[in-house]
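Chain by chain, the residues:
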Amino acid sequence: MCPSGFSLSSTAEEVTQGIDGTGLTAIVTGTTNGIGTETARVLALRGVHVIMGVRNMVAGKDVKEAIVKEIPKAKVDVMELDLSSMASVRKFVLEFNSSGLPLNILINNAGICATPFTLSKDNIELQFATNHLGHFLLTNLLLDTMKKTARESKKEGRIINVSSDGHRYTYPEGILFDKLNDESSYQKWRAYGHSKLANILHANELARYLKEDGADITANSLHPGSIITNIVKSEHNDGVPTGLLDAIGNFVLKSIGQGAATTCYVALHPQVKGISGEYFSDNNLAKPNSQGTDTDLAKKLWDLCMKLIE
């Protein structure tokens, strides 16, 4: 039996069974399909007030309607959020903060995968911009609200970055500090691994900062498992490299419920209380690659991102 009592076959409903999330508020990004939708549904099922941050408002409202139809008492709101645009992230945070809602849980889930080389509206390589930098800015802008909530509610805040074991399939140097937006260096699958490594390093450095600051907030990252969702079914994702398949575990495909389990476990389970700066997989503590635990790399990436969001 795994240390937590749960395994790769556990579902999101199973890992949160008996947990009462009433009174908690969570922002979940990327909730219009796949594990994001299931994460929002299961958190709402446990009584959490869920704010869905979505790029497509029509799809977001459809998901909300489906959740409320199944769970009439569910508290779900939909807000527009395009993580590839810093202006959109800033607008989202402004609107959320003006609502006066508390914020206990932030789940940085949204992501794109293996897109052709493109620059975002802010002239940043699109996978890095969407999967990492947008979440970095979002987290940064919401920290004060989370600290205030943790102080006033006397409840630990939790920040969760949904990464991937695909982080093991990044560029050899880990993070492309000098060639971030260089089309000639771009390999779409390595760029995906690059953004997922950045998610882990972000959580690690954030955990260190929060501890130093004395804030009652944890920050962790996780691998949800290999799931056939829209992210891997898109037209861009031909010819997945063998190295990446090995990294993310191509032999065990999870259901959507199993895929959302680790996120919901890290977000709500009492076993995770006080654990910060860690990497989870299959509802248990796991180990990223050596780059994923490199404190100098994490600090250097943090400094770069602070400059990029200025």
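Scroll up to find the structure this text is about.
Keep in mind that what you see is a predicted model, and the values were worked out from it rather than measured.

(A) Geometry of helix α5 (residues 126-153). Maximum bend of α5: about 45°, positioned at Leu143. One side-chain oxygen at the N-terminal end of α5 lies 2.8 Å from the backbone nitrogen of Gln127; it belongs to Glu125. Once α5 finishes, Lys154 follows within two positions and takes phi at roughly 60°, a positive value.

(B) Just the sheet that holds strand β2 (residues 49-54), in detail. Reading across the sheet, the 8 strands line up as β3-β2-β1-β4-β5-β6-β9-β10 and stay open at both edges, with mixed pairing between neighbours. Two strands close off the open sheet at either side, each with one partner strand: β3 (75-80) and β10 (284-286). Within the sheet, the average angular offset between the axes of one strand and its neighbour, ignoring direction, is 25°. Here helix α3 (residues 57-70) sits on the sheet and contacts β2 and β3; the angle it forms with β3, its principal contact strand, is near 175°.

(C) Quick peek at the packing of α5 against helix α6 (residues 188-213). Relative to each other, α5 and α6 sit at 15°, their axes nearing to 8 Å. Put simply, α5 runs roughly parallel to α6. Along this stretch, α5 crosses α6, giving a crossing that reads as right-handed. A breakdown of the residues in the contact of α5 with α6 according to their chemical character gives 9 nonpolar, 9 polar and 4 charged.

(D) Quick peek at the environment of Pro224. Within the secondary structure layout, Pro224 lies in the loop between β6 (217-223) and β7 (226-227). The sequence separation of Pro224 and Asn283 amounts to 59 residues, and the corresponding C-alpha distance is 8.8 Å. The residues contacting Pro224, other than those within four sequence positions of it, are Ile35, Val162, Ser163, Ser164, Lys254, Gln258 and Gly259.

(E) How the structure looks around the pairing of β6. The buried count for β6 comes to 7 of 7 residues, which makes it a mostly enclosed element. Side chains of β6 alternate between two faces, with Ile217, Ala219, Ser221 and His223 and Thr218, Asn220 and Leu222 buried alike. In this sheet, β6 lies alongside strand β5 (residues 157-162) in parallel orientation, the contact comprising 6 bridges. Its bridge partner lying in β6, Arg158 is registered against Thr218.

Basis of the calculations
- Every chain's residues receive numbers from 1 upward, in the order its sequence appears when written.
- Whole-chain, interface and lining totals are the exception, using all residues; otherwise, since this is a predicted model, local features are given only for residues with pLDDT of at least 70 and side-chain atom pairs are given and counted only at 80 or more.
- Based on all heavy atoms of the structure, the side-chain values leave hydrogens and waters out of the count.
- Bend at a given residue is defined as the angle between two axes, one fitted to the seven residues that end at that position and one fitted to the seven that begin there.
- Secondary structure elements are taken from DSSP: a helix is a run of H or I of four residues or more, a strand is a run of E of two residues or more, and numbering for both begins at the N terminus.
- Two N or O atoms form a polar contact when they lie within 3.5 Å of each other; inside protein one atom must be a possible hydrogen donor and the other a possible acceptor, and for residues adjacent in sequence the pair counts only when both atoms belong to side chains.
- In this description, strands pair whenever DSSP reports at least two bridges between them.
- Between the N-to-C directions of two axes lies an angle of 0 to 180 degrees, each axis being a line fitted to C-alpha atoms and, for a helix, fitted only over the stretch in contact.
- Whether two residues touch is decided by their heavy atoms; if any such pair falls within 4.5 Å, the residues are in contact.
- Any angle between 65 and 115 degrees counts as roughly perpendicular, while under 35 counts as roughly parallel, over 145 as roughly antiparallel, and the rest as oblique.
- Should the near helix be turned counterclockwise from the far one by less than a right angle, the crossing is left-handed, whereas a clockwise turn marks it as right-handed.
- Classification convention: Asp, Glu, Lys, Arg as charged; Ala, Val, Leu, Ile, Met, Phe, Trp, Tyr, Cys, Pro as nonpolar; all other residues, Gly among them, as polar.
- Think of it in three bands: with a 1.4 Å probe and only protein chains considered, a residue is buried below 20% of the maximum accessible area for its type, exposed above 50%, and partly exposed in between.

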